[in-house]
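Observations on chain architecture
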Amino acid sequence: MKMSVFYEHIAEAAVQTGKSVSEICKLAASYGISGVEMEDKRLLNEREEILEVLSDAGLEISCIYGFFDFSHDDKIERGYQFVDLAKELGVKKIMPIPGFIQDDEREPEVYQKCLAKMIDAMNLICAYAKEKDVIIVLEDFDDKIAHFSNAEGLKYFMDHVSGLYCTFDTGNFLYSEEDSLEVLPMFLDKIKHVHCKDRSFTKVEGEECKATIAGRDMYSAPVGSGLIKMKEIIEIVKESGYDDYFAIEHFGSLDQLGFMKESAEWLKQF
């Protein structure tokens, strides 16, 4: 089992603590973290600086994620370039978020057209990635404009895109008022990446919350301290044979470094 953390958390921790990004990276490594989840736009804009600080801290990029708009004819070449970037940097996994369908596109014919465009694009990207020995994953994204925001929608992509695998995000199913542990069996044979996101309904003053589809406000929590059945999920995922990165995720935290350390300490039991 390996641990990673979102680079955005590292950058935010640097701002919150007054330390440098390099110092935070080295602290993360001291907690037992060996990888970072990286957005493609930041990586492209700050490539040399990021690669240098990661190398100095002994960290690698565990997965690159990026946002696309294939539902509205985003150029497929961008997807191929995404794969090429991972191949060039030796990153094994990438997560292209293929697009969203807006509220004013809910008329069935329009909705299906947008969905079909995403499916077609992802099939092309997965085929290209297979040639490059890069794994494509998709998560349960916590927003109603994502067709893959719930278990049924994510499974649809798994079933209709050849070579697509799952990033199982432990906390995002709660957005759709679903139990992550209950839906886990639907994806167990497809999991190639894991986001360890815990959540709480306890209000945190000053933190921006995210509401579920039922209107319940969710707040960030260190892994293992919230209401997600993290221990059971991780044990089942590991028993299935998965032994790669478990990514610590807690967007919105007012104490990114503290959460990072607490999450890593909790995950070390596995």
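Report on the accompanying structure. (Residues numbered from 1 in each chain as written. Predicted model: local features only at pLDDT ≥ 70, side-chain atom pairs only at ≥ 80, totals over all residues. Heavy atoms only, no water.)

1. With respect to the sheet that holds strand β10 (residues 217-221)
- The antiparallel open sheet is built from 3 strands, whose spatial order is β8-β10-β9. Unpaired on one side and paired on the other, β8 (198-200) and β9 (210-211) mark the two borders of the sheet.
- Pairing of β8 with β10 involves 3 bridges; the strand directions are antiparallel. Across the sheet, the residue bridging to Asp198 is Ala221, located in β10. (Pairing = 2+ DSSP bridges. Helix = DSSP H or I, 4+ residues; strand = E, 2+ residues; numbered from the N terminus.)

2. Observations regarding the pairing of strand β4 (residues 93-97)
- Among the 5 residues in β4, 5 count as buried, and that is most of the element.
- Of the two faces of β4, the one lined by Lys93, Met95 and Ile97 and the one lined by Ile94 and Pro96 are each fully buried.
- Of the strand pairs in this sheet, strand β3 (residues 60-67) and β4 are connected by 4 bridges, and their pairing is parallel. Along β4, the bridge assignment pairs Gly66 with Pro96.
- In this region the chain leaves β3, passes through helix α5 (residues 76-89) and returns to the parallel neighbour β4; the handedness of that crossover is right-handed.
- As paired strands, β4 and strand β5 (residues 135-139) are joined by 2 bridges and run parallel to one another. Looking across to β5, one finds that Ile94 is bridged to Ile136. (Buried < 20%, exposed > 50% of the residue type's maximum accessible area, 1.4 Å probe, protein only. Right-handed = clockwise from strand over helix to strand, strands pointing away.)

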